[in-house]
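Structural features, examined
What follows is the residue order along each chain.
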Protein chains: 2
Amino acid sequence: MANLQKGRVDIVAVAKAANVSPSTVSRTFNHPDLVNPATRKKINRAIQRLGYIRNRAAQTMHGKRSGTIGLVVPTINHAIFAEVIQAFSDSIDKVGFSLLLASHGYDLDREYAMVRKLLEHRVDGVALVGLEHSDATARLIEQQKTPALAIWNYAQDSSLPCVGADNRLAGRLATEHLLALGHRNIGLIFPKTDGNDRAQHRLSAVHEALAKMGVSVPDEHESETPYSVSQAKQAAITLLTEQSRPTALLCGNDVIAQGALFAAQSLGLKIPDDLSIIGIGDFKGSADVEPGLTTIRIPAETIGKLAGERFTDYITSDDPAPFRICCELERVVRGTTTLASIGCVANSGV
Amino acid sequence: MANLQKGRVDIVAVAKAANVSPSTVSRTFNHPDLVNPATRKKINRAIQRLGYIRNRAAQTMHGKRSGTIGLVVPTINHAIFAEVIQAFSDSIDKVGFSLLLASHGYDLDREYAMVRKLLEHRVDGVALVGLEHSDATARLIEQQKTPALAIWNYAQDSSLPCVGADNRLAGRLATEHLLALGHRNIGLIFPKTDGNDRAQHRLSAVHEALAKMGVSVPDEHESETPYSVSQAKQAAITLLTEQSRPTALLCGNDVIAQGALFAAQSLGLKIPDDLSIIGIGDFKGSADVEPGLTTIRIPAETIGKLAGERFTDYITSDDPAPFRICCELERVVRGTTTLASIGCVANSGV
DNA sequence: AATAGTATTGCAAATGTTTTCATAAATTCG
DNA sequence: CGAATTTATGAAAACATTTGCAATACTATT
C-alpha cells in the first residue's frame, strides 16, 4: 500500500503522480482557492500516496518566511522561564510557527553567539529575555533587520518592542509590603546582577524604597546567591545564623525565597511568626509550599502567551507597528509574611 | 565603517567584495583547508565588513544537513523535562546543532502533528520522550528515514534507539524500599497512564512488587492526579482523610510527592513519623524541601547530555549503528521515609 | 628544462520551492 | 453568437548555496 520512495519525494514527484505541473501543487498549498477543487483532490491523493512532506527550507530560500521563531533564554532549567517558554511555544504554534530555542546561562557573549546561530537559520524573528544585551547583539539585530522582541521586562523607553513586567515596581511592592507590616530589620537575598537586568532593577528599587523610609540594610544582612533552591538555602542559613537575625527576608525571586523558607524551617524557626519571607515571581509551586509563599506575582504565562501573539502578528503584518506591553503585577499574600511582632523584634539581636 | 547593506548580502556579494568566485567563499566555510590562507583572510575580511551571515536554509536545500534537531516533549512547563531539555540543548549545541522544540501535552495525536511539523523543517533527527507513540508517528519516521531517538525510557527491545532509565525498575525500587521499612498499608498517587508509558511502567511494577509480598491496595488508597503540585496536594488531602489512613505514600513522581508532603504538613501530620512518602525522579528541589524527599533518582541531566552526544554522533556518522543506553537509577533516602512504627500502625484505621 | 604532480580557483549544474507571466479554457453578457 | 471576463494551469526564472569537473598556476623530480 504505502508507496515507500527510496529517493526523496518532492513537489515534482507529486506533480507527476497527479498529472499536473509543480506550480499547481505549490498553489494547492499556498493559494488553494486558485486551484480547481477536483485537481486539488487529485493532488492531495498523490501527496497522501507518496507521503510527501513540504520542504520549508526550500520555501525559506525562496524568500518566504521560514516559519521559525528563535527564543533565547538565560536558562531553560529553572521554574521561571520554563513557564514562559511553554506559553510562548503554544502561542506561536497556534499560528504555524516553530520554536528554535537556545540558552546562554546568563552570559551575554554566549547570547550573541546564540542569536547569530538563530539568524543563520533565518528565523522570522528572535525573542530575547530582558532589555540588557551586548552592543554586538543589538548591532547584529539592527543590521539584519530581523524582527526582535524583548520579553519578561517592561520599560516605556525600551529600544526593542517588549512584553513584560516592571521589575522596579516588583521590588518596590515587595519592600512596601514588608514595611507596611512593620518590619525594619530586613534581610536581602538576591542573585548576581550582572547581565541580569531583572535582578538589577528589583534590587535597586528595593534599596530606594527602603531608603525612603530611612531603613538601611547592614552588609551582613545582604547576601548574593546563584539561582538554585539548595544554594539559596545555604545562603539563607548563613544569613539567619548571624549575630542579629532580621525579622523579614526579601528574596530576589521565588526560587530563592523557597530556599530561604526551607532554611528557616531546618533551623527550627516558625514561619511567619519568627521570620517573614517574601519572594518575587510566583512560580509554579510557590502557592503549594507550607506555608504558602507571599510573593509579587509576575504573570509568566500571560507574558509568554501575549508575547507569542503580538510577535507573530508583528512578523506577519505588512506594516508592523512597534509595541510595548506592560503586564500587571499582583501582590499575593500567603502564609509566609506577618506583622513584625514585639516578640519577633525581641527575638532579633540574640 | 559598518557597511550596512540595504539589500540582502549573500555569498556572491561577499565573493564580489573579496574578488573571488562564490565557490571559493563557500569553500572557505565548508572546506577551509582547500583554500589558500591568503584568500581566506581576504574573504573573512569581506564577510566581516559586509556583516554576512550564512544561510542554513540554502545549505539545507542543497542536501547538506540542516543543523537542527527536533525534540518533542509532553510538556516544557514542569520540572522533569526542563532539566533534560537543558542538558540536551547544551549537548547538541556543542557540536553546532540547534534545537527545534515542540510540546504536545500528553496527546499522541498532537505529537504526530509536531513531528510532522519538524520534518517539514528538515530536522536532521527527531527525539521523542518515551517509547509509546502512535502508529502514524512511527510510520512517518520510518518512511522519511529521519534518524529518531527515544529518550527518558529504556527498554532492551525498543524499536527506536533509546537513552533512558528503566521505569519498571524505578517502580519496583520505590516499592521495595517502603516494604523493607515494614510498611504494608501503602497509598498510591499516580498520574494518568494513557499515552504515558513512564507512569504506566512504574505503576504496574509497583503492583507486581506489592502482590509478590501479598500486599494489596484498597481502591480508596489509590488516587489519580494531574501533573501539578497543587492538584496532587488536593488529591493527597482527600486520600489522607479517608477512613483508614495508609502509613506510607508512594507517588508516581516527585512533583506529586511534593504535593503529598505539603498536604500532610497542612493536615498537621509529622513527616516521616506519621507518614512516609517516597517519590520517583529526584527533581530539582526534591533535596531541598523540609524534610528532604526520599526518592528514586532518574538522572535527567545525564540522560539529556548522553542523548545529545550519542544522537549527534549517530546523525553525523557514515554508518550509524543503533544504540540503547540504560542510565542507572539510584535510591536516594532522605527525610520523608522511616520505619513503619507501631504507633504509626495504631494510628491507621482511626 | 621537460614532465608529472599538486594546490588553488572558477564554471556551471543542481537542490526544491514560489511566483510572475502567459496561455488556454470556460463563463458571462449584451 | 461573439466579445469580454474570469478561472485554471503551465513554463520558466529566481532564491542562496554546494560541489564535480575542468582549468590554471605552481612545485618537485629527474
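This one's a predicted model, so the numbers in the text were calculated from it and none came from an experiment.

Thresholds applied
- Residues numbered from 1 in each chain as written.
- Chains lettered and ligands numbered in written order.
- Predicted model: local features only at pLDDT ≥ 70, side-chain atom pairs only at ≥ 80, totals over all residues.
- Heavy atoms only, no water.
- Near = heavy atom within 4 Å.
- Polar contact = N/O pair within 3.5 Å; in protein donor to acceptor, adjacent residues only side chain to side chain.
- Helix = DSSP H or I, 4+ residues; strand = E, 2+ residues; numbered from the N terminus.
- Nonpolar A, V, L, I, M, F, W, Y, C, P; charged D, E, K, R; others polar.
- Buried < 20%, exposed > 50% of the residue type's maximum accessible area, 1.4 Å probe, protein only.
- Pairing = 2+ DSSP bridges.
- Right-handed = clockwise from strand over helix to strand, strands pointing away.
- Contact = heavy atoms within 4.5 Å.
- Domains from an automatic or database assignment.
- Buried area = accessible area lost by both parts, 1.4 Å probe.
- Salt bridge = Lys/Arg side-chain N within 4 Å of Asp/Glu carboxyl O.

Right, let's talk about the protein's contact with DNA strand D for a bit. Inspection of the region around DNA strand D gives 25 residues, with Ser-21, Thr-24 and Thr-39 of chain A together with Ser-26 and Tyr-52 of chain B positioned closest. Counting only the atoms of DNA strand D within 4 Å of the protein, the fraction contributed by sugar and phosphate is 60%. With respect to DNA strand D, the side chain of Ser-23 of chain A contributes an N or O atom lying 3.3 Å from a base nitrogen. A distance of 3.5 Å is found between a base oxygen of DNA strand D and a side-chain nitrogen or oxygen belonging to Ser-23 of chain B. At the level of secondary structure, the elements contributing two or more residues to the surface near DNA strand D comprise helix 2 (22–30) of chain A together with helix 2 (22–30) and helix 4 (56–61) of chain B. Of all the elements, helix 2 of chain B adds the most residues to the surface near DNA strand D, at four residues. Among the residues forming the surface near DNA strand D, the class breakdown is seven nonpolar, 14 polar and four charged.

Residues and elements named next belong to chain A. Within strand 1 (residues 68–73), six of the six residues are buried, which leaves the element mostly enclosed by the surrounding structure. Across the two faces of strand 1 the burial is the same, with Thr-68, Gly-70 and Val-72 and Ile-69, Leu-71 and Val-73 all buried. Two elements, strand 1 and strand 2 (residues 98–103), share six bridges in a ladder whose sense is parallel. Its bridge partner lying in strand 2, Thr-68 is registered against Ser-98. In this view, the connection linking strand 1 to its parallel neighbour strand 2 by way of helix 5 (residues 79–93) has right-handed handedness. By the bridge criterion, four bridges tie strand 1 to strand 3 (residues 125–129) in an arrangement that is parallel. Across the sheet, Ile-69 pairs through a bridge with Gly-125, a residue of strand 3.

Another aspect to go through is the environment of Asn-196 of chain B. Residue and element names in this part refer to chain B. Relative to the elements of secondary structure, Asn-196 occurs in the loop between strand 6 (186–190) and helix 9 (197–212). As a C-alpha pair, Asn-196 and Met-114 span 82 residues in sequence and 17 Å in three-dimensional space. Setting aside residues up to four positions removed in sequence, Asn-196 forms contacts with Tyr-106 and Glu-132.

Attention now goes to the domain arrangement of chain A. Interface size is often expressed as the accessible area that is lost when the parts come together. Residue and element names in this part refer to chain A. What the domain assignment lists for chain A is domain 1 (11–54), domain 2 (68–165 + 300–328) and domain 3 (167–297 + 332–347). Taking only C-alpha atoms into account, the centre of domain 2 sits 30 Å from that of domain 3. The interface is formed by 16 residues belonging to domain 2 together with twelve residues belonging to domain 3. Summing both sides of the interface, domain 2 and domain 3 together bury roughly 1,200 Å²; the carbon and sulfur share of this comes to 48%. Applying the counting criterion to the domain 2 and domain 3 interface returns zero salt bridges. A per-element tally of the side of domain 2 that touches domain 3 places helix 5 first, with four residues.

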